[in-house]
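Spelled out, the chains give:
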Amino acid sequence: VVVAYAPMLWLSLVGFWFVYFGQALAGSNIAAVTSVLATDSNRGVVMSMQQMAQASGRVVGPILLGQLADLHMRMAFSVSAAAA
């Protein structure tokens, strides 16, 4: 949301820094929690499903939000923030 309403470039860059820092923390923790919660017999299946879900979100998210941005530019950022 910060990026959508940022009137200055530096404020946009600060917003991007927070997003990427949060993704780095969340990405490593999601994999760790997933491996701990899975049993030995299904750990491979669970970890591959978790990775597939993350990869699908990186592919499908920009496509859908790009279509939404065509309708209203700031709405795409608002939907992304609400989904997070």
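Our structure's up above, just so we're on the same page.
Scope of this entry: the structure provided in the associated data block. (Residues numbered from 1 in each chain as written. Predicted model: local features only at pLDDT ≥ 70, side-chain atom pairs only at ≥ 80, totals over all residues. Heavy atoms only, no water.)

The next point concerns the overall build of the chain. What the chain contains, in helices and strands, is three helices and zero strands. Secondary structure elements of the chain occur, N-terminal to C-terminal, as α-α-α. Taking 84 residues into account, the globule formula puts the C-alpha radius of gyration at 12 Å, and the chain, at 16 Å, lies well above it. Each of the three principal axes of the chain carries a C-alpha extent, and together these read 50 × 25 × 15 Å. Here the chain holds 84 residues, and the buried ones make up 11% of them. If you take every contact in the chain between residues at least 6 apart in sequence, the share linking residues at least 24 apart comes to 29%. (Helix = DSSP H or I, 4+ residues; strand = E, 2+ residues; numbered from the N terminus. Rg over C-alpha atoms; globule rule 2.2 N^0.38 Å. Buried < 20%, exposed > 50% of the residue type's maximum accessible area, 1.4 Å probe, protein only. Contact = heavy atoms within 4.5 Å.)

The next subject is the pattern of salt bridges. Across all of its chains, the model carries one salt bridge by this definition. Here Asp40 makes a salt bridge to Arg43, at a shortest N to O gap of 3.0 Å. Overall, Asp40 belongs to the exposed group, its relative accessible area being 67%. On the accessibility criterion, Arg43 (30% relative accessible area) is partly exposed. (Salt bridge = Lys/Arg side-chain N within 4 Å of Asp/Glu carboxyl O.)

The next point concerns the packing of aromatic side chains. Enumeration according to the criterion identifies two aromatic pairs in this entry. Each ring, one from Trp17 and one from Phe18, has its centre 5.1 Å from the other, and the planes form 75°; the classification is edge-to-face. An aromatic cluster is built from Trp17, Phe18 and Phe21, whose rings are joined through pairwise contacts. (Phe/Tyr/Trp six-rings, centres within 6.5 Å; stacked < 30°, edge-to-face > 60°.)

Take Phe16: it is sitting in helix α1 (residues 9–37). Its relative accessible area of 36% is what places Phe16 among the partly exposed residues. In the structure, Phe16 is positioned 38 residues away from Gln54 in sequence and 19 Å away in space, judged by C-alpha atoms.

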